[in-house]
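Chain residues, written in single-letter form:
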Amino acid sequence: MAGLAASFGAGAMTNSIDEIGHARCILAIGTNTTYAHPVIGMKVKQASKNGARLIVANPREIELVSHADLWLQQNPGSDVALLMGMMRVIVDEGLCDRDFIEERCENYDAFTDSLKKFQLERVEEITGVPKDKIIEAARVYATDKPSTILYAMGITQHSHGTDNVIAIADLAMLTGNVGKPSTGVNPLRGQNNVQGACDMGALPNVFTGYQGVVDKEIRGKFEDAWGTYLPREPGLTLLEILDAAHRKQIKALYLIGENPILSDPDARHARESLKALDFFVVQDIFMSETAQLADVVLASATFAEKDGTFTNTDRRVQRVRKALEPVGDCKPDWWITCQIGQRMGRKGFDFGGPYQIMEEISRLTPSYGGITYERLGDGGIHWPCPTKDHPGTPILHTERFTRGKGRFIPLEYRPPAELPDDEYPLLLTTERSRYHFHTGTMTRKVRGLTALEGEGVVEINPKDASRLGISDGEMVKVVSRRGAVMARTKVTEVTPLKVVTMNFHFVESPTNQLTNPALDPVAKIPEFKVCAVRVEKI
């Protein structure tokens, strides 16, 4: 997230997964950890068993709530107000780490001045969390050190997601819970190599290792290495690309490992955008819903059929070793891309294998400078690892932040882009299933997982169901300003009043036809987590 980058650098975990078990306090906000990240969820539960204080901030009564010392059931989209309220308590009660702030941070006075707007009565009104619980959470997080924060897409997928992340960073700095073991700001990535993809420049504004496209010196380094001219300005995000395709400003698209027909907000618009293209290429391991629209489909090998590396959510670069021969004509992604480059007559695509590609990564990427296949072995290395004799960096910011001093950023509360009204009186929030992954391209092909969960449902609170005359297991229509989908109900108190919950794994109930494409103005992430809907009996 760009806001976090001001002090913390790239949006990655500041600490390692193994440290979670040694924290004295864990604040899990906007993350259903045991469902979306079950290995990390197990470590959280073990830490709680061993005496760590667990604070869960989530609108839904997720599994972790049963292990929590304190549950903050905030209204969807009210995270900034909740976090600012906690920080107001910490400052007012003198619980902040003054030495850390004076030595390592700046802009503290302007930040504390912004806290004056967050009187606890106002925070309680916005969040729905009783002020006594906010006070208790603030005291526990500030005093039971080391304290660590875990968050996921319940924080980032909002039209004010950057503000949410900044508030988390402010909280960690305010209490000195940065740069030490079992502390930090720890975003849990949504897929196994999302971190690695971002590290390799799969973002519109950076080259590998988050080296800025607009930096003339950096751009020159890559132009010399690759023997070509490179654009001077950042490119477009995925949603911006699809919008441009819809306007016929982009005419051809090469899409690798993405299924926007199910994963993008306002998915009907995504389908229209892809159909508007003159030429569409999809490279994937299965014939996804999106691939069915392509002019050309390139069959790529799965993780078990190729060599390479994955970089996980705590920045650990790990080897992936080929275990099986690719099925049919499937090829590794790197080979396919290199073949296209060679057949277009371009230089620099003559790699003999992943080993040579990693050598180029190390040459051009300071944070990967000391990472080689020989060094990775069985355990992997945390970046940054700038030299061949560097051990790697499990903990970031031990002595200084990326920008030098950490900068406190004042914040205002901004509500979600779309709120309930008379026509759409409920809020829809999206979740992940324990048994399925993303758009189900892989997991829905596994019989055992399909037996455990074979269809998407809409979770609804018993009081809302009673008011609407809806019973458990009934097929209903969920309608937003963008579309309508059919799904079976699951009446449960896990979902709060006036909120319904759906996942997005099932093409039969494509939830993202409902969701709001409103973007965070900085990170350009859409507001998947909040949109207004109504539920209709059929």
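All values reported here derive from a predicted model rather than from experimental measurement. (Residues numbered from 1 in each chain as written. Predicted model: local features only at pLDDT ≥ 70, side-chain atom pairs only at ≥ 80, totals over all residues. Heavy atoms only, no water.)

Trainee: Go over the sheet that holds strand β9 (residues 296-299) with me, naming the residues and quoting the values.
Mentor: Reading across the sheet, the 3 strands line up as β7-β8-β9 and stay open at both edges, with parallel pairing between neighbours. The two strands at the open ends of the sheet, each matched to only one other strand, are β7 (252-256) and β9. Each adjacent strand pair in this sheet contributes to an overall mean axis angle of 10 degrees, direction not counted. Strand direction decides the pairing type here: β7 and strand β8 (residues 279-284), joined by 5 bridges, are parallel. Counted as the bridge partner of A252 is F279 from β8. Helix α16 (residues 333-343) rests against β7, β8 and β9 of the sheet, and its axis sits at about 155 degrees to β7. (Pairing = 2+ DSSP bridges. Helix = DSSP H or I, 4+ residues; strand = E, 2+ residues; numbered from the N terminus. Axes fitted to C-alpha atoms, helices over the stretch in contact; angles between N-to-C directions. Contact = heavy atoms within 4.5 Å.)

Trainee: Give a detailed account of the pairing of β8, specifying residues and quantitative values.
Mentor: The buried count for β8 comes to 5 of 6 residues, which makes it a mostly enclosed element. Pairing between β8 and β9: 4 bridges, direction parallel. Note that in β9 the partner of Q283 across the bridge is L298. (Buried < 20%, exposed > 50% of the residue type's maximum accessible area, 1.4 Å probe, protein only.)

Trainee: Before we move on, can you summarise unusual backbone geometry with the specific residues and values?
Mentor: Between K145 and the following residue, P146, the backbone shows a cis peptide bond with an omega angle of 0 degrees. Among the secondary structure elements, P146 is positioned in the loop between α8 (131-143) and β5 (147-151). Residue P384 follows W383 across a cis peptide bond; omega there is 0 degrees. Inspection of the secondary structure puts P384 in the loop between β12 (381-382) and β13 (406-407). Here R315, not a glycine, exhibits a phi torsion of approximately 75 degrees, which is positive. Accessibility expressed as a relative area gives 0% for R315, which makes it buried. The phi dihedral of K498 is positive, around 65 degrees, even though this residue is not glycine.

Trainee: Describe the domain arrangement of the chain, listing the residues and the values that go with them.
Mentor: Looking at the chain, the domain boundaries give domain 1 (2-188), domain 2 (194-382) and domain 3 (426-537). Once you take the C-alpha centre of each, domain 1 and domain 2 turn out to be 33 Å apart. With 12 residues of domain 1 in contact, the opposing surface of domain 2 contributes 8 residues. Where domain 1 abuts domain 2, roughly 630 Å² becomes buried across the two surfaces, and 55% of that area is made up of carbon and sulfur atoms. In this structure, the connection of domain 1 to domain 2 is made through 1 salt bridge. (Domains from an automatic or database assignment. Buried area = accessible area lost by both parts, 1.4 Å probe. Salt bridge = Lys/Arg side-chain N within 4 Å of Asp/Glu carboxyl O.)

Trainee: Explain the sheet that holds strand β15 (residues 457-460) to me, using residue names and the numbers behind them.
Mentor: Reading around the circumference, β14-β18-β15-β17-β16-β21 is the order of the 6 strands in this closed barrel, with mixed pairing throughout. Pairwise comparison of adjacent strand axes, ignoring direction, gives a mean angle of 45 degrees for this sheet. One ladder, built from 4 bridges, connects β15 with strand β17 (residues 484-491); its direction is parallel. Opposite E459, over in β17, you have K490 as the bridge partner.

Trainee: Got a sec to walk through the pairing of strand β16 (residues 475-479)? Specific residues and values, please.
Mentor: Pairing analysis gives 5 bridges linking β16 to β17, with the strands arranged antiparallel. Along β17, the bridge assignment pairs V479 with A484. The turn joining β16 and β17, which pair antiparallel and follow one another in sequence, is formed by 4 residues.

Trainee: Any details on a nonpolar patch on the surface? Residues and values, ideally.
Mentor: Taken together, Y254, I256, I340 and M344 make up a surface patch of nonpolar side chains, about 370 Å² in accessible area. Position of Y254 among the secondary structure elements: in strand β7. Look at Y254 and you get partly exposed, because its relative accessible area is 33%. (Patch = residues over 30% accessible without salt bridge, like charges linked within 9 Å, V, L, I, M, F, W, Y side chains within 5 Å. Areas by Shrake-Rupley, 256 points an atom, 1.4 Å probe, with all protein chains shown as cover.)

Trainee: Any details on the confidence of the model for the chain? Residues and values, ideally.
Mentor: Summing up the model confidence of the chain, the mean pLDDT is 93 and the portion of residues at 70 or higher is 98%. Low confidence marks residues 1-10, where pLDDT is under 50. Its contacts with residues over four positions away, or in another chain, come to 37 contacts. (pLDDT = per-residue confidence, 0-100.)

Trainee: Could you give an account of helix α3 (residues 38-49), naming the residues involved and the relevant values?
Mentor: In this model α3 runs 16 Å from its N-terminal to its C-terminal C-alpha over 12 residues, within 8% of the 16 Å that 1.5 Å per residue would give. G51 sits one or two positions beyond α3 and adopts a positive phi of about 110 degrees. (Expected span 1.5 Å × (residues − 1).)

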